[in-house]
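The primary structure of each chain is shown beneath.
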Amino acid sequence: NDLSGNLPPALGNLTEVEIFHFKDNDFSGEIPAALCNLSNVFNFDLSDNRLSGTVPECLGNLGSNSERGGIQALWIQNNRLDSMLDLYIPISIGMA
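So, here is what we can say about the structure in this document. (Residues numbered from 1 in each chain as written. Predicted model: local features only at pLDDT ≥ 70, side-chain atom pairs only at ≥ 80, totals over all residues. Heavy atoms only, no water.)

1. A look at unusual backbone geometry
Despite not being glycine, Asp 24 has its phi angle at roughly 60°, a positive value. Looking at the element boundaries, Asp 24 is found in the loop between β2 (19-21) and β3 (26-29). Residue classification places Asp 24 among the partly exposed residues on the basis of a relative accessible area of 47%. A positive phi angle, near 60°, is found at Asp 48, a position not held by glycine. Its place among the elements puts Asp 48 in the loop between β4 (43-45) and β5 (50-53). (Helix = DSSP H or I, 4+ residues; strand = E, 2+ residues; numbered from the N terminus. Buried < 20%, exposed > 50% of the residue type's maximum accessible area, 1.4 Å probe, protein only.)

2. Examining the state of the cysteines
Working definition of a disulfide: a covalent bond connecting the sulfur atoms of two cysteines. All chains considered together, the criterion is met by one disulfide. Across the disulfide, Cys 36 is cross-linked to Cys 58 (sulfur-sulfur distance 1.9 Å). Here Cys 36 and Cys 58 share a disulfide; its torsion about the S-S bond, 70°, makes the bridge right-handed. One end of the pair, Cys 36, is in the loop between β3 and β4; the other, Cys 58, is in the loop between β5 and β6 (73-75), with 22 residues separating them in the sequence. Note on Cys 36: relative accessible area 16%, which makes it buried. (Disulfide = S-S within 2.5 Å.)

3. Notes on the environment of Ala 33
The topology assignment puts Ala 33 in the loop between β3 and β4. C-alpha separation for the pair Ala 33 and Glu 57, spaced 24 residues apart in sequence, amounts to 8.5 Å. Sequence-distant contacts of Ala 33, defined by excluding residues within four places in its chain, comprise Pro 56 and Cys 58. (Contact = heavy atoms within 4.5 Å.)

4. With respect to the pairing of β3
The pairing of strand β1 (residues 4-6) with β3 spans three bridges and is classified as parallel. Looking across to β3, one finds that Gly 5 is bridged to Phe 27. Sheet topology note: the β3/β5 ladder contains two bridges and is parallel. Within β5, the position partnered with Gly 29 by the bridge is Leu 51. (Pairing = 2+ DSSP bridges.)

5. Let's talk about the sheet that holds β1
Judged by pairing direction, the sheet is parallel, and its four strands sit side by side in the order β1-β3-β5-β7 without closing on themselves. What marks the edges here is a single partner per strand, and that holds for β1 and β7 (80-81).

Okay, here's the thing in structure tokens:
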């Protein structure tokens, strides 16, 4: 894909989305905390972009309303993100 620029916080309004894949684009800037409103997402992929800054701690609560019992896959590797030591997610995640 060739999507670029900052991720619009309005994407957090897509509360019925279950799969959120924006992998392999040219997004930059921070991950908007508004994405934490994706209460039905169980599969989240922002890997292979140019995202930077800190990872919102609330990403650990993604999919809180999902029929699958919460987030099952979270990929954010191959970006320019700061450490996510404070982010707790009870699944395997990818970050580099």
